[in-house]
Amino acid sequence: MRRSRRPRRALGREPQGHHRRQRHPPSGTRLLGKCSLRRLHVPLTPISPYLPPQVRLLGDGRRTRTDTPQERSAAVLADLARSGDNKFAIVEAGGVGPLVAMLVDGSREAQSAAAGAIWHLAALEPNKKVIYYAGAIVPLVALLSSGSTDAQTYSAGALWHLASSADSKAQMAEAGAIPPLVAVLRSPSAEAREHAAAVLSTLARGQVANKRAILKAAGLPPLIKLLTDPRVQSQQYAACALWGLAESEELNCAREMVEEHVIAPLIEMLQANHPSTRGFAAACLVSLCAQPEAQVGIKQVGGGEPLVKLARGQPSWLRSRAVEMLEMLGIPVPEPDDTPVTAAKGSPAGGTVTGANSNSPRMTFHSKTTFHVFSFQASNSSNWLREVRAQADRGW
């Protein structure tokens, strides 16, 4: 008996009850393209299975318009890039090039998302070179002026990560990054101010031309205002930037800094219980104290008494700086005592600071926040700047 042939399927149709095997989760890229993973409550696995299709959705990153798959994909990648393993995977999948192109030729939302993704990707050292050679610095600098508040925050954060190399810092200066960074210091966003101060703190410790550019852009007032910012990190970066300006003999800006009332907040920082801010404040004050204008200013705000208290403490780098300033001010230096340095007023409850000679080089508060204390000492007053630079590079 003759067997009948099976009817051919119509082109482009699937028979009922039959489903073609999917290579990727069904409609996964479409779903993720509409909103972020956090809104979908999708757990961020070390390497998300949705990452490769998201990178492909970026295309070349050019001419990205509002409410398009490219724009939504950049937002998802910015969320995925928070994970350390995803940082590697996105770069390996070729996501840096399209993201950098999106910074130049994209909608405001796409630019913000791309800047956020690059900010997270640049946190890893191997990714920094890839991002640098992809030409990200110039468009990131441009977003500091033309982008939204979020774009400014993310761009400044990305520049902060990239500023670890001399080539990147040189390109930032050539791209005119200092004036817009100074402008971001006045941003209503606390995170944007912190990131901008961080980049300026790195640039201010470099070439004299960068320091002149900060002064020319009227960077002193906003940096001094940040010394009283609620964020401790912002205070630290601002004090570091001011120290970089104060130590320059070519600029000789001590009088200008004193006129902008920098002495009082620096003295207050010396009395706080944050080792990072105290260290940079002391470094800045020592640089200023060599000038007569600063000496008068320290005495006028009553800075001698806090310095005497520090000089009575256990031998440490900070005490050495206090002694050095007292000698320049002509104030008698007290003998050190063996009383441990305790938490200052206003510090977290229960916090104590161990001295430099203690076996425990850390201080721990009940808030589970741990800070390093100064564990190195200056051999003499001639090389203290070198030691401050080395300690600042290592982290206080």
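In this text, all values refer to a predicted model and were calculated from it rather than measured experimentally.

On to the overall build of the protein, then. Looking only at helices and strands, the protein has 23 helices and two strands in total. Relative to its 396 residues, the protein shows a buried fraction of 49%. The long-range fraction of contacts in the protein, counting pairs at least 24 apart against all pairs at least 6 apart in sequence, stands at 65%. Approximately 20500 Å² of the protein is accessible, and the part contributed by carbon and sulfur atoms is 50%.

Between two aromatic rings, the relevant description is the distance of the centres plus the angle of the planes. Inspection of the entire model under this criterion finds four aromatic pairs. With a centroid separation of 5.1 Å and an interplanar angle of 75°, the aromatic rings of Y132 and Y133 are classed as edge-to-face. Given a relative accessible area of 65%, Y133 falls into the exposed group.

Looking now at the packing of helix 6 (residues 96–104) against helix 7 (residues 108–121). Look at helix 6 against helix 7: their axes get within 8 Å of each other, and the N-to-C directions meet at 140°. Comparing their axes, helix 7 and helix 6 come out oblique. As helix 6 runs across helix 7, the sense of the crossing is left-handed. Facing helix 6, whose interface residues are V96, L99, V100, M102, L103 and V104, helix 7 presents A110, Q111, A114, A115, A117, I118 and L121.

With that settled, consider the nonpolar core. Formed by 102 residues in total, the largest nonpolar core has its most connected members in L242 and L288. Excluding residues that lie within four positions of it along the chain, L242 makes contacts with L220, L223, I224, L227, M257, V262 and C284.

What follows concerns the side chain of D79. By the element assignment, D79 lies in helix 4 (residues 69–80). Within the structure, the side chain of D79 is placed 3.1 Å from the side chain of R82, a separation counted as a polar contact.

Within the secondary structure, A217 sits in the loop between helix 14 (208–216) and helix 15 (220–226). Judged by its relative accessible area of 22%, A217 is partly exposed. Placed 34 residues apart in sequence, A217 and A183 show a C-alpha to C-alpha distance of 8.5 Å. Excluding residues that lie within four positions of it along the chain, A217 makes contacts with P179 and V182.

Before going further, it helps to spend a moment on helix 6. Of all nine residues in helix 6, seven are buried; the element is thus mostly enclosed. Regarding helix 6, the residues found buried are V96, P98, L99, V100, A101, M102 and L103. In this structure, the buried side of helix 6 is in contact with helix 4, helix 5 (84–92), helix 7, helix 8 (125–133) and helix 9 (137–146).

All right, on to the confidence of the model for the protein then. Across the protein, pLDDT averages 78, with 73% of residues at or above 70. Confidence drops under pLDDT 50 across residues 9–46; counting only partners more than four residues distant or on other chains, this segment forms 36 contacts. Counting interchain partners and residues more than four positions distant, the pLDDT-below-50 stretch residues 339–385 has 81 contacts.

Here we take up the side chain of R319. The residue R319 is located in helix 22 (residues 317–329) in this model. Notably, R319 is buried but unbridged: the nearest opposite-charge side chain belongs to E335, and the N-O separation is 5.7 Å. Not counting residues within four places of it along the chain, the set of residues in contact with R319 comprises L310, A311, G313, Q314, P334, E335 and P336.

Okay, the environment of Q171 next. Positionally, Q171 belongs in helix 11 (residues 166–174). Setting aside residues no more than four positions away along its own chain, Q171 makes contact with Y132, I137 and V138.

Between helix 6 and helix 9, the shortest axis-to-axis distance is 9 Å and the interhelical angle comes to 35°. The interaxial crossing formed by helix 6 with helix 9 has left-handed handedness. Residues V100, L103 and V104 of helix 6 lie in contact with helix 9, whose contacting residues are P139, L140 and L143. Class assignment for the residues of the contact of helix 6 with helix 9 results in six nonpolar, no polar and no charged.

Quick look at the pattern of salt bridges now. Counted by the stated rule, this structure contains nine salt bridges. Residues R82 and D79 are paired through a salt bridge, measuring 3.1 Å at the closest nitrogen-oxygen approach. The class of R82 is partly exposed, set by a relative accessible area of 46%. Of the charged contacts in the structure, one is a salt bridge between K309 and E305, with a shortest N-O distance of 3.9 Å.

Analysis parameters
- Sequence order sets the numbering: in each chain, residues are counted from 1 along the sequence as written.
- With pLDDT at 70 or above as the cut-off, local features in this predicted model cover only qualifying residues; side-chain atom pairs require 80 or more to be listed or tallied, and sums for whole chains, interfaces and linings still use all residues.
- Excluding hydrogens and water, the side-chain figures rest on all heavy atoms present in the structure.
- Numbering of helices and strands starts at the N terminus; helices are DSSP runs of H or I of at least 4 residues and strands are runs of E of at least 2.
- Buried, partly exposed and exposed residues are distinguished by accessible area as a fraction of the type maximum, computed with a 1.4 Å probe on protein chains only: under 20%, between the cut-offs, and over 50%, respectively.
- It only takes one pair of heavy atoms within 4.5 Å for two residues to be counted as in contact.
- Here the accessible surface of atoms and residues is derived via Shrake-Rupley with a 1.4 Å probe, and residues count as covered only by protein chains that are part of the display.
- Centre distance within 6.5 Å is the pairing criterion for rings of Phe, Tyr and Trp, where only the six-membered ring of Trp is used; planes under 30 degrees apart are then read as stacked, over 60 as edge-to-face, and the remainder as tilted.
- Helix axes use the C-alpha atoms of the stretch in contact, all axes being lines fitted to C-alpha atoms, and the angles between their N-to-C directions lie in the range 0 to 180 degrees.
- For classification purposes, angles smaller than 35 degrees are called roughly parallel, those larger than 145 roughly antiparallel, those between 65 and 115 roughly perpendicular, and all remaining angles oblique.
- By convention the crossing between two helices is left-handed if the near helix lies anticlockwise of the far one by an angle smaller than a right angle, and right-handed if it lies clockwise.
- Throughout this description, the term nonpolar core refers to a set of buried Ala, Val, Leu, Ile, Met, Phe, Trp, Tyr and Cys residues connected via side-chain atoms within 4.5 Å.
- The term polar contact refers here to a pair of N or O atoms within 3.5 Å; inside protein, the definition further demands a hydrogen-donor-capable atom paired with an acceptor-capable atom, and it admits residues adjacent in sequence only when both atoms are side-chain atoms.
- Per residue, pLDDT captures the predictor's confidence, and it can take any value from 0 to 100.
- All tallies of charge rest on Lys and Arg as positive and Asp and Glu as negative; His and the ends of each chain are not included.
- The working definition used for a salt bridge is a side-chain nitrogen of Lys or Arg within 4 Å of a carboxyl oxygen of Asp or Glu.
- Note on residue categories: nonpolar means Ala, Val, Leu, Ile, Met, Phe, Trp, Tyr, Cys or Pro, charged means Asp, Glu, Lys or Arg, and polar means any other residue, Gly included.

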